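# Remarks on the overall topology
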Amino acid sequence: MQNRSPNAAEGIDVSRYQGTIDWKRVRADGKSFAFIKASQGQRYVDPTFMTNAKGIRAAGLLLGAYHFVDATSVNAAKAEARHFAEVLDQVGGAKALDLPAVMDYENNPGKLNSAAIHEVALAFLTEFERVSGRKPMVYTGNAFAAHFKALLSSYKLWIARYSTRVPSDTTAWKRWDFWQYSDSGRGDGIQGPVDLNVYAGTEAELRQAFAGEEGEEPMTAEEKAAFKALQQQVTALEDSRDVLKQTLNEQSAYIKKVDQRVAELEARQAMPVPAWAKEAMVAAVAVNPASPIVDAKLPSSYDFYRLLVVLNRLGAFKTTK
């Protein structure tokens, strides 16, 4: 991927771990933008989210927000995306942010393979865009980015690599939009270490790049209510689909068992002479070898062989010689 450009816009990303931040001092220190943690999983909300959002806007920095992904399945990823969108409604929705909302996917708690990781990411991204009306961005680590397929190349990339060496090319991306180059930076207005980031261009270029996305009116209360009702309908339909899918799977498993049983029964109707019936078969043929009452060469049923055995034990095939 590309190296940083001269006079590139600098920024930070924070969460509750940075405590109270003096955003005016951060802006005076030359920072142009800030990404703040909004949520994680399906329920968690960062307690400093609203305070940081208000402070950033008041100080004149460009505002972005991210969600930390815990999902280990497609359905969980969709639920997390909806949670993220609902949290962003507190600041006017994803469209009210200056920068794209971010999917932070950087670890693998479920020990998924690369294909499953990609599917979780894609599910989150597409579901978030569906419910929020704005295309999100991907944040991930330099190594973790290798899990994602080329389909994700249409999403902007915020890459983490704590080094002066440029991030590595991957299947999905050959360049970055934001680069988190340190997790131990220092800056005015913040006590303790903070993540440092750089944009792929100058501050003017950063503002211009997202100018078309700024200024969009957030949804009205009526629109939000209607949209939420629609989301509930979609969720109900998805739940019904999952129940139907489970029922179909159960029926399919039952039909398979029936087919197996039928095959077993059919096999018992045309089977060669089993070892336990050979003695009875020989005895039955010996009653009249010239014109035997049974044909040992033809397959018969399990029940037929059982009958031969019983008759033989009763002495029905004894010869008078």
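Below or above, wherever it landed, is the structure these notes cover. (Residues numbered from 1 in each chain as written. Predicted model: local features only at pLDDT ≥ 70, side-chain atom pairs only at ≥ 80, totals over all residues. Heavy atoms only, no water.)

### Thoughts on the layout of surface pockets
Going by this rule: Put simply, the grid is 1 Å and covers the protein atoms alone, a cavity is a trapped set of points that fit a 1.4 Å probe, a pocket is an open set with protein on both sides within 12 Å along at least five of seven lines, and lining residues have an atom within 4 Å of a point. Grid points are joined across faces, edges and corners, and a volume is the space filled by probe spheres set on the points. Helical segments are the DSSP runs of H or I of at least four residues, strand segments are the runs of E of at least two, and each set is numbered from the N terminus. Residue type decides the class: Asp, Glu, Lys and Arg count as charged, Ala, Val, Leu, Ile, Met, Phe, Trp, Tyr, Cys and Pro as nonpolar, and the leftover types, Gly among them, as polar.
In this structure, the second largest pocket spans a volume of roughly 280 Å³. Lining the second largest pocket are 16 residues, with D13, S15, Y66, D104 and D195 sitting closest to its centre. Where the lining of the second largest pocket is concerned, the elements lending two or more residues are β1 (10-14), β2 (31-40) and β4 (62-68). When its residues are assigned to classes, the lining of the second largest pocket shows seven nonpolar, four polar and five charged.

### A look at empty space enclosed by the protein
A full pass over the atoms with the stated rule returns one cavity of 30 Å³ or more. In this structure, the largest cavity spans a volume of roughly 40 Å³. The wall of the largest cavity is formed by I12, V26, D29, K31, R186, G187, D188, I190, V194 and L196. Along the lines of polarity and charge, the residues of the lining of the largest cavity split into five nonpolar, one polar and four charged.

### So, the nonpolar core
We apply this condition: Nonpolar cores were defined as sets of buried Ala, Val, Leu, Ile, Met, Phe, Trp, Tyr and Cys residues, with membership established by side-chain atoms within 4.5 Å. Each residue gets one of three labels from its accessible area relative to the maximum for its type: buried under 20%, exposed over 50%, partly exposed in between, using a 1.4 Å probe on protein chains only. For this analysis, residues touch if any pair of their heavy atoms sits within 4.5 Å.
Core analysis: the biggest nonpolar cluster contains 59 residues, and I12, W23, L88, Y105, F128, L152 and W173 have the highest contact counts within it. Element by element, the count of residues in this core is highest for helix α4 (residues 114-132), at nine residues. Once residues lying within four places of it in the same chain are set aside, the contact partners of L88 are A38, F49, A65, G93, A94, L97, A101 and F128. Of all hydrophobic cores here, the second largest spans 15 residues; its members include F33, W158, F178 and Y199.

### Topic: the packing of helix α7 (residues 278-286) against helix α8 (residues 302-313)
Short version of the rule: Axes here refer to lines fitted to C-alpha atoms; in helices the fit is confined to the stretch in contact. Angles between the N-to-C directions go from 0 to 180 degrees. Roughly parallel covers angles under 35 degrees, roughly antiparallel covers those over 145, roughly perpendicular covers 65 to 115, and oblique covers all other angles.
Relative to each other, α7 and α8 sit at 70°, their axes nearing to 8 Å. Here α8 runs roughly perpendicular to α7, going by the angle between their axes. On α8, the residues that touch E279, A280, M281, A283 and A284 of α7 are F304, Y305, L308, V309 and N312. Within the contact of α7 with α8, the residues separate by chemical class into eight nonpolar, one polar and one charged.

### Let's talk about the pattern of salt bridges
The test is simple: Whenever a carboxyl oxygen of Asp or Glu lies within 4 Å of a side-chain nitrogen of Lys or Arg, that contact is scored as a salt bridge.
Enumeration over the complete set of coordinates arrives at six salt bridges. Residues E203 and R27 are paired through a salt bridge, measuring 2.9 Å at the closest nitrogen-oxygen approach. Remark: R27 occurs in helix α1 (residues 23-28) and E203 occurs in helix α5 (residues 203-209); sequence separation between them is 176 residues. We note a salt bridge from R130 to E127, for which the minimum N-O separation is 2.6 Å. With R130 and E127 both in helix α4, this residue pair falls three residues apart, about one helical turn. The exposure class of E127 is buried, given its relative accessible area of 5%.

### Some thoughts on the pairing of strand β9 (residues 194-199)
The cut-off we apply is this: Strand pairing is defined by DSSP finding a minimum of two bridges between the two strands.
Counting buried positions along β9 yields six of six residues, so the element is predominantly enclosed. Taken together, the four bridges between β1 and β9 define a ladder with antiparallel strand orientation. Residue pairing in the sheet places G11 in a bridge with N197 of β9. When strand β8 (residues 178-185) meets β9, the two strands line up antiparallel, connected through five bridges. Across the sheet, Q180 pairs through a bridge with N197, a residue of β9.

### Digging into the pairing of strand β6 (residues 137-141)
The test is simple: Crossover handedness is defined here as right-handed if the route from the first strand over the helix to the second strand goes clockwise, with the strands pointing away from the viewer.
The buried fraction of β6 is high, at five of five residues. Residues M137, Y139 and G141 of β6 are buried on one face, and the alternating residues V138 and T140, pointing to the opposite face, are buried as well. Judged from the three bridges that link them, strand β5 (residues 102-104) and β6 form a sheet pairing that is parallel. Following the sheet pairing, M103 is matched in β6 by V138. Once the chain exits β5 it traverses α4 before rejoining the sheet at β6, and the crossover so formed is right-handed.

### A word on the environment of Q40
Just so we agree on the cut-off: What qualifies as a polar contact is a pair of N or O atoms within 3.5 Å, subject to a donor-acceptor requirement within protein and to the restriction that residues adjacent in sequence count only when both atoms come from side chains.
Tracing the chain through its elements places Q40 in strand β2. For the pair Q40 and V69, spaced 29 residues apart in sequence, the C-alpha to C-alpha distance is 6.0 Å. At 2.5 Å, the side chain of Q40 forms a polar contact with the side chain of K37. A polar atom in the side chain of Q40 sits 3.3 Å from the side chain of D70.

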